[in-house]
Amino acid sequence: MKISVRFTAAVHTILCIQYFEKGSRVTSDFISASTGVNAVIIRKILLQLQKAGLVETAVGVGGSHLAKKPDEITLLSIYKAINEGEEEREVFNFHPNPNQKCPVGKNIHLVLDPVLESAQNAMEEELQKTTIADLLRKVRE
């Protein structure tokens, strides 16, 4: 799965919810104003986050709330929520038809796949280390 702007918009969305929910109704329009992302896209992101059990959203003007504590929501859980159901799970996508008659083409997966898998794993391990609580502390500094 390629990392799209939906991931960073989702992180921003969750931070907005946690930061503002006590004093404001945090609606898709509210989040849109903070992120600069169209409210329709924010609503889709909220649905994905809700499906993953990370947020609760009241229909209409009720706003959104976190379904878990900020220290229980990792960047990896957001990453997985936003990319749930996509065919490709990898950050790196391969060109579809390397020439099997070419010495490079027939060996490209053999030589490159392990490196790319290692990079994917390292990225996921790093995302697992950071929580919304960590980011919120930095926002408030």
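The sections below set out a description of the structure shown in this document. As the structure is a prediction and not an experimental result, all values here were calculated from the model.

Focus on the packing of aromatic side chains
Reasoning step 1: Inspection of the entire model under this criterion finds three aromatic pairs.
Reasoning step 2: Relative to F20, the ring of Y19 lies with its centre 4.8 Å away and its plane at 70°, an arrangement referred to as edge-to-face.
Reasoning step 3: Ring plane angle 70° and centroid distance 5.1 Å describe the contact between F20 and F30, whose orientation is recorded as edge-to-face. Remark: F30 occurs in helix α2 (residues 28-35) and F20 occurs in helix α1 (residues 5-20); sequence separation between them is ten residues.
Reasoning step 4: Among the aromatic side chains, those forming a connected cluster through ring pairs are Y19, F20 and F30.

What about the nonpolar core?
Reasoning step 1: One finds I14, L49 and I78 to be the most contacted residues of the largest nonpolar core, which totals 29 residues.
Reasoning step 2: Within the residue set of this core, elements represented by two or more residues are α1, α3 (39-51), α4 (75-83), α5 (108-129) and α6 (132-140).
Reasoning step 3: The leading source of residues in this core is α1, at eight residues.
Reasoning step 4: For I14, the residues in contact, after removing those within four places along its chain, are L49, L54, V55, L66, I73, I78 and I132.

Here's the deal with the pattern of salt bridges
Reasoning step 1: Evaluation of the coordinates by the stated rule reveals two salt bridges.
Reasoning step 2: E126 is the partner of K129 in a salt bridge, and the nearest nitrogen-oxygen pair spans 3.3 Å. On the criterion of helical spacing, the pair formed by K129 and E126 is a turn pair, its members being three residues apart in helix α5.
Reasoning step 3: For K129, a relative accessible area of 58% gives the class exposed.
Reasoning step 4: With relative accessibility at 47%, the residue E126 sits in the partly exposed group.
Reasoning step 5: A salt bridge links R137 to D134; the shortest N-O distance between them is 2.5 Å. Here R137 pairs with D134, and both are found in helix α6, just three residues apart, close to one helical turn.

Overview of the packing of α1 against α3
Reasoning step 1: Two elements in contact, α1 and α3, have axes whose closest approach is 10 Å; the angle formed by their N-to-C orientations is 80°. Of the possible angle classes, the one that applies to α1 and α3 is roughly perpendicular. Contacts between α1 and α3 involve R6, A9, A10, T13, I14 and I17 from the former and I42, I45, L46, Q48 and L49 from the latter.
Reasoning step 2: Across the contact of α1 with α3, the residue classes break down as eight nonpolar, two polar and one charged.

A short note on the side chain of T13
Reasoning step 1: When you line up the elements, T13 lands in helix α1.
Reasoning step 2: Separated by 2.7 Å, the side chain of T13 and the backbone oxygen of A9 make a polar contact.

A closer look at α3
Reasoning step 1: For α3, which comprises 13 residues, the first-to-last C-alpha distance of 18 Å matches the rise-based estimate of 18 Å (1.5 Å per residue) to within 8%.
Reasoning step 2: For α3, the set of buried residues is A39, I42, I45, L46 and L49. Down the axis of α3, the sector holding all buried residues measures 110°, keeping them to one side. Turned more than 90 degrees off the buried face of α3, the exposed positions are K44, L47 and K51.

Cut-offs and rules
- Residues numbered from 1 in each chain as written.
- Predicted model: local features only at pLDDT ≥ 70, side-chain atom pairs only at ≥ 80, totals over all residues.
- Heavy atoms only, no water.
- Phe/Tyr/Trp six-rings, centres within 6.5 Å; stacked < 30°, edge-to-face > 60°.
- Helix = DSSP H or I, 4+ residues; strand = E, 2+ residues; numbered from the N terminus.
- Core = buried A, V, L, I, M, F, W, Y, C linked by side-chain atoms within 4.5 Å.
- Buried < 20%, exposed > 50% of the residue type's maximum accessible area, 1.4 Å probe, protein only.
- Contact = heavy atoms within 4.5 Å.
- Salt bridge = Lys/Arg side-chain N within 4 Å of Asp/Glu carboxyl O.
- Axes fitted to C-alpha atoms, helices over the stretch in contact; angles between N-to-C directions.
- Parallel < 35°, antiparallel > 145°, perpendicular 65-115°, else oblique.
- Nonpolar A, V, L, I, M, F, W, Y, C, P; charged D, E, K, R; others polar.
- Polar contact = N/O pair within 3.5 Å; in protein donor to acceptor, adjacent residues only side chain to side chain.
- Expected span 1.5 Å × (residues − 1).
- Arc of directions from axis to C-beta.

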